[in-house]
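# Examination of the molecular architecture
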Amino acid sequence: MDDLPLSDLDAFTAIARERSFRAAARKRGVSPSSLSDSLRRLEERLGVRLLNRTTRSVTPTEAGERLLERLAPALGEVASALGQLDSFRDSPAGTLRLNVPTIVSRLFLPDIASRFLALYPQIRMEILAEDDFIDVVEGGFDAGIRYDERLERDMIAVPLGPRRQRYITAAAPGYLAKRGTPSHPRDLLDHDCIRHRFLSRAPFAWEFDRGEESLLLSVTGPLVANSIEMEVGAAVAGLGVIRTFEEVLVPAIRRGELVPILEDWVTEFSGPFLYYASRKHMPPALRAFVDFVKVEARRGA
């Protein structure tokens, strides 16, 4: 009996309450004959007569009364549960789960997320910041944020944050006074360099661009970390040369703690993207965030 059609149970409940096929059909917006078919199927499956019907009246049998007594509250709960889905379908509410790079979580997302959540107080965001590259769908996330070279090609991508970013190089004044200032990227092969490593990956090579010229160098040094804060702190302390996002180094440069070097060799790249799997049946929270990000992108264009 586990596979009894819910529609047939609902038809029985409607007829038993109204004591009339026609009245129940009007309320349901269906034909009396369809309700009659539903009731016949249900009685055949159960092997019990549920309603006594004549040309003048419809009344529940004893079995029908007992079933109605237990069934009506249960169907009410089902209707209530389905009704709650309307808020998810028609209004921006619910939880939005994002997987994002740590750099985005520090530099751009706090401001974007704060303004978005102020606009949609019924939405809650859950953000996991990490630099490993995972399948966001398999990981249970609604969407992710990544840079262009890490985007999966079957995903839908929407620009988020600044459209152009740069890697720059810097070192502490004390380090440069002691070791000299590099005039060409290859000079860094004789310098101590502070490198970044993604989780479970080797430190990435440093890329330099100047006009049509491009270099890729595997530098070395006393520190490899996956914490940008630690890397910047080490550079300020004079441990070595650092190369990372311009936005990360600008505050220390403005305070005079770091000095930019190799300023002709700046690598420029596109900013991050919000990406997700499909436009079909998008959760309202994700749809609202995508629309918000698109508006932000147009304002910044």
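Data block above holds the structure.
Residues numbered from 1 in each chain as written. Predicted model: local features only at pLDDT ≥ 70, side-chain atom pairs only at ≥ 80, totals over all residues. Heavy atoms only, no water.

### Section: the overall build of the protein
Tallying secondary structure elements over the protein gives 10 helices and 15 strands in all. Taking all 301 residues of the protein together, 40% fall into the buried category. Considering only contacts within the protein whose residues lie at least 6 apart along the sequence, 73% involve residues at least 24 apart. As displayed, the protein offers around 16700 Å² of accessible surface, 50% of which is attributable to carbon and sulfur atoms. (Helix = DSSP H or I, 4+ residues; strand = E, 2+ residues; numbered from the N terminus. Buried < 20%, exposed > 50% of the residue type's maximum accessible area, 1.4 Å probe, protein only. Contact = heavy atoms within 4.5 Å. Areas by Shrake-Rupley, 256 points an atom, 1.4 Å probe, with all protein chains shown as cover.)

### Description of unusual backbone geometry
For R19, which is not a glycine, the phi torsion comes out positive at approximately 55 degrees. Residue placement: R19 occurs in the loop between α1 (6-18) and α2 (21-28). When its relative accessible area of 38% is taken as the criterion, R19 is described as partly exposed. With phi around 50 degrees, L262 is a residue other than glycine that occupies positive phi space. Relative to the elements of secondary structure, L262 occurs in the loop between β13 (259-261) and β14 (267-270).

### A few points about the nonpolar core
By size, the foremost hydrophobic cluster in this structure holds 59 residues, and its most contacted members are L96, L274 and F289. At 7 residues, helix α10 (residues 284-300) tops the list of elements feeding residues into this core. Other than its neighbours up to four places away in sequence, L96 contacts F116, I123, R124, M125, E126, D142, A285, L286 and F289. By size, the runner-up hydrophobic cluster in this structure holds 19 residues, among which are I15, A24, L42 and A72. (Core = buried A, V, L, I, M, F, W, Y, C linked by side-chain atoms within 4.5 Å.)

### Section: the pairing of strand β8 (residues 193-196)
Of the two faces of β8, the one carrying C193 and R195 and the one carrying I194 and H196 are both buried. Bridge count for β8 against strand β12 (residues 241-245) is 2 bridges, and the pairing is parallel. Bridge pairing in β12 places I194 opposite I242. In the sheet, β8 pairs with strand β11 (residues 223-225) via 3 bridges, with the strands oriented parallel. (Pairing = 2+ DSSP bridges.)

### Let's talk about the side chain of S38
Its place among the elements puts S38 in helix α3 (residues 32-46). According to the relative accessible area criterion, S38 is buried, its value standing at 9%. Excluding residues that lie within four positions of it along the chain, S38 makes contacts with D8 and A11.

### Describing the side chain of T61
Assignment of secondary structure puts T61 in the loop between β2 (58-60) and α4 (62-90). When near neighbours in sequence (up to four residues on either side) are disregarded, T61 contacts R49, L50, L51 and N52.

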